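# Structural overview
Letter by letter, the chains look like this.
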2 protein chains.
Amino acid sequence: MKTRMTEALGITRPVIQAPMAFAAGGTLASAVSSAGGMGMIGGGYGDADWIDQQFGIAAGARVGCGLITWKLAEQPHVLDQVLVHDPAAVFLSFGDPAPFAPAIRDAGVPLICQVQTLRDAWRALDCGADIIVAQGADAGGHGEARGTFALVPEIADEIARQNSKVLLCAAGGITDGRGLAAALMLGADGAVIGTRFLASHEALVHPRILDRALAATGDDTLRTRVVDVVRGYDWPSRYNGRVLSNPFIQKWHQSEAALQRDAKSEAAKWAAAQNAGDPDVATAFVGEGIGLINAVQSASDILANLAGEAQECLARAVSHSER
Amino acid sequence: MKTRMTEALGITRPVIQAPMAFAAGGTLASAVSSAGGMGMIGGGYGDADWIDQQFGIAAGARVGCGLITWKLAEQPHVLDQVLVHDPAAVFLSFGDPAPFAPAIRDAGVPLICQVQTLRDAWRALDCGADIIVAQGADAGGHGEARGTFALVPEIADEIARQNSKVLLCAAGGITDGRGLAAALMLGADGAVIGTRFLASHEALVHPRILDRALAATGDDTLRTRVVDVVRGYDWPSRYNGRVLSNPFIQKWHQSEAALQRDAKSEAAKWAAAQNAGDPDVATAFVGEGIGLINAVQSASDILANLAGEAQECLARAVSHSER
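Residues numbered from 1 in each chain as written. Chains lettered and ligands numbered in written order. Predicted model: local features only at pLDDT ≥ 70, side-chain atom pairs only at ≥ 80, totals over all residues. Heavy atoms only, no water.

### Quick word on the domain arrangement of chain A
Residue and element names in this part refer to chain A. The condition is simple: Segmentation into domains, and thus their bounds, comes from an automatic or database assignment. Contacts: residue pairs with any heavy atoms within 4.5 Å of one another. The term buried area means the drop in 1.4 Å probe accessible area that two parts suffer when joined, counted for both and summed.
Each assigned domain of chain A is listed with its residue range as follows: domain 1 (4-204) and domain 2 (207-283). For domain 1 and domain 2, the distance between their C-alpha centres works out to 24 Å. Each side of the interface is counted separately: domain 1 has 19 residues, and domain 2 has 14 residues. Interface area, domain 1 with domain 2, both sides summed: about 1,300 Å², of which 55% is carbon and sulfur.

Here it is as structure tokens:
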């Protein structure tokens, strides 16, 4: 499959694997890159030793690295440590990329800015982003309120007005070839895909937590602050995270202040459940597309299916286009 | 443009105009139907005299009628009055369609059920819906939390499993040909489009309210209960409505209990602003796609542009599908 993005990045499938914090290590990232997409280490909150380790595991494959921007601002040296590995790209999301864009550009590394609003896209364009990812609320994990469907074409229009060399990816709700084909119709050059790769053999996720997610429908996810509060992560108030609901989430969702008061005992409970894979307490960051996923696959099969199904959809499109 | 839906409904463009309460009268509905789509009178809260009037205005065109289901349950006779007009379809949303499905089926009128979750789609299938509309939170007006992007293919899969004769429309964020093409890629047979038709010469909306909306981006909309509280409408708690933000909405959003206390004076203020077209108080129910709309057009131009642009997108799709 060729798009402007496959050409620009030297990949064969217009798919960037989302740099899911904790879940996307070197094994997943290298598997995705080896299968023709762009794999990403989920650098997340910037544990530099862990990032080094994962680049080591991915050695030999061209992989990028994602970082949570507001957290990077607290420890900017982590970016230098990432750039030492000559990543295929740096993927910034959730904060102002401006302080970090020059170092990334100077290193000759493509800058991917994930945005959740049109306003953020303006900022990313100002910063010289090479790729903008329009991430809708349909996505798993952190994000904001705007939906994927209208955000993508609105940012596509803005890119066309300001700098048509900038590439655009859609993110949020894209798990199969139908979604990839739809993203291209909306004006994207490719897709950023998380949840589908979370359900891969290569992702770092407890099998019991994943099994619970595979049995769920998209109705079973919600956007909440519960997981951040219980982990003690100080996310800016504009962001929350989409997770699979479970009894723990249901108990504390919209009672976050009470959770904060019980933080110590609940945090211990959560951490134990994470380790044990107790899906009634711990949960996975999954998008609404989880309802389209029923089995764990290898990253390579996921990419092959995505591309094959997208091509079928696009080929069928011609029949619709006849008057 | 041919899809299963154009064939089944005897229309030439796979577009149903959303039955926007108050805004979609007989003029808009008949203009849409005359231009090859399916026009819908926005029967909304079930003002039977108004509905009669609008069918009169649309006389000669095959138009359908939409009703808010939970409100219809309070005054079921309104359905009989709608069926007297032999509508092209009845479009039910926001409540259980089961009590009304038999009368609609017995009248030989196609039943369109708009749903916001997979669970609701199961119910609609049980009720014998002819068309299911998967409406995402990206939409303007009332709805729920799930996004259009993953809801559509998830319901498409459910329809394929249960009864593949049922047709599927996507709704929420679809305002141009890119969106229509994307909806088809996601597995829909057509699209339900509201906001784009709100910005038509034929819609019933104050020009100053509409002007404010045309200047907005998708970032400027939000889902809220403010408008229902100020109007005294007793919507079930699962639903809220996407509107264009303005100072009034910003003041009361998430302070709905306080608004309820000041209801009398604020309701008068709101009603006056509605009549005068004061966009700082009154507002339009618009979806996130408002950011893609910059001008008022005729319903017929809107449909021609939608179809033409969708066909271009679909024709270009072939180039992506080549390896």
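From this point, the narrative continues.
### Describing the relation of the copies chain B and chain A
Put simply, the rule is: When the copies are superposed, the least-squares fit draws on C-alpha atoms of residues that have pLDDT of at least 70 in both.
Least-squares fitting of chain B to chain A yields an RMSD of 0.0 Å, with the transformation described by 0.0 Å of translation along the axis and a rotation of 180°. This pairing of chains is accounted for by a two-fold axis. The C-alpha atom lying nearest the rotation axis in chain B is that of Ala-182 of chain B; the distance is 2.1 Å. Comparing contact sets, 100% of the residues at the interface of chain B also lie at the interface in chain A, consistent with an isologous, same-surface contact.

### Quick look at helix α9 (residues 177-185) of chain A
Residue and element names in this part refer to chain A. Note the cut-off: Exposure is judged per residue with a 1.4 Å probe applied to protein chains only, and the accessible area is read against the type maximum: over 50% gives exposed, under 20% gives buried, and values in between give partly exposed. Each helix is a run of DSSP H or I of at least 4 residues and each strand a run of E of at least 2, with the numbering of both proceeding from the N terminus.
For α9, the buried fraction is high: 9 of the 9 residues fall into the buried class. Taken together, the buried positions of α9 are occupied by Gly-177, Arg-178, Gly-179, Leu-180, Ala-181, Ala-182, Ala-183, Leu-184 and Met-185. Looking one or two places after α9, you find Gly-187, whose phi comes out positive at around 110°.

### Quick look at the pairing of strand β11 (residues 240-244) of chain A
Residue and element names in this part refer to chain A. The criterion, for reference: In this description, strands pair whenever DSSP reports at least two bridges between them.
Most of β11 sits inside the fold, with 4 of its 5 residues counted as buried. The pairing of strand β7 (residues 141-143) with β11 spans 3 bridges and is antiparallel. Opposite Gly-143, over in β11, you have Asn-240 as the bridge partner. With 4 bridges connecting them, strand β10 (residues 221-224) and β11 associate as antiparallel partners. In the strand pairing of β11, Arg-223 is matched with Arg-242.

### With respect to the pairing of strand β3 (residues 64-68) of chain B
Residue and element names in this part refer to chain B. This is how it is decided: When the strands point away from the viewer, a crossover counts as right-handed if the path from the first strand over the helix to the second runs clockwise.
Along β3, 5 of the 5 residues are buried, which leaves the element largely enclosed by surrounding structure. Residues Gly-64, Gly-66 and Ile-68 point to one face of β3 and Cys-65 and Leu-67 to the other, with burial holding for every one of them. Pairing geometry for strand β2 (residues 40-42) and β3, over 3 bridges, is parallel. Looking at the pairing, Gly-42 lines up with Gly-66 of β3. Crossover connection from β2 via helix α3 (residues 48-57) to parallel β3: handedness right-handed.

### Some points on the environment of Ile-112 of chain B
Residues and elements named next belong to chain B. Here Ile-112 shows up in strand β5 (residues 111-115). Relative accessible area serves as the criterion here: at 1%, Ile-112 is assigned to the buried category. Once the C-alpha coordinates of Ile-112 and Cys-65 are considered, the two residues, 47 residues apart in sequence, prove to be 9.9 Å apart. Ignoring anything within four residues of it in the chain, the contact list for Ile-112 reads Ile-16, Met-40, Ala-89, Val-90, Phe-91, Leu-92, Ile-131 and Val-133.

### Observations concerning unusual backbone geometry
All names here are of chain B. The phi angle at Asp-86 is positive, at roughly 50°, despite the residue not being glycine. For Asp-86, the position within the fold is in the loop between α5 (77-83) and β4 (90-93). Look at Phe-94: it is not a glycine, yet its phi comes out positive at around 75°. By secondary structure assignment, the location of Phe-94 is in the loop between β4 and α6 (101-106). Overall, the relative accessible area of 10% leaves Phe-94 in the buried class.

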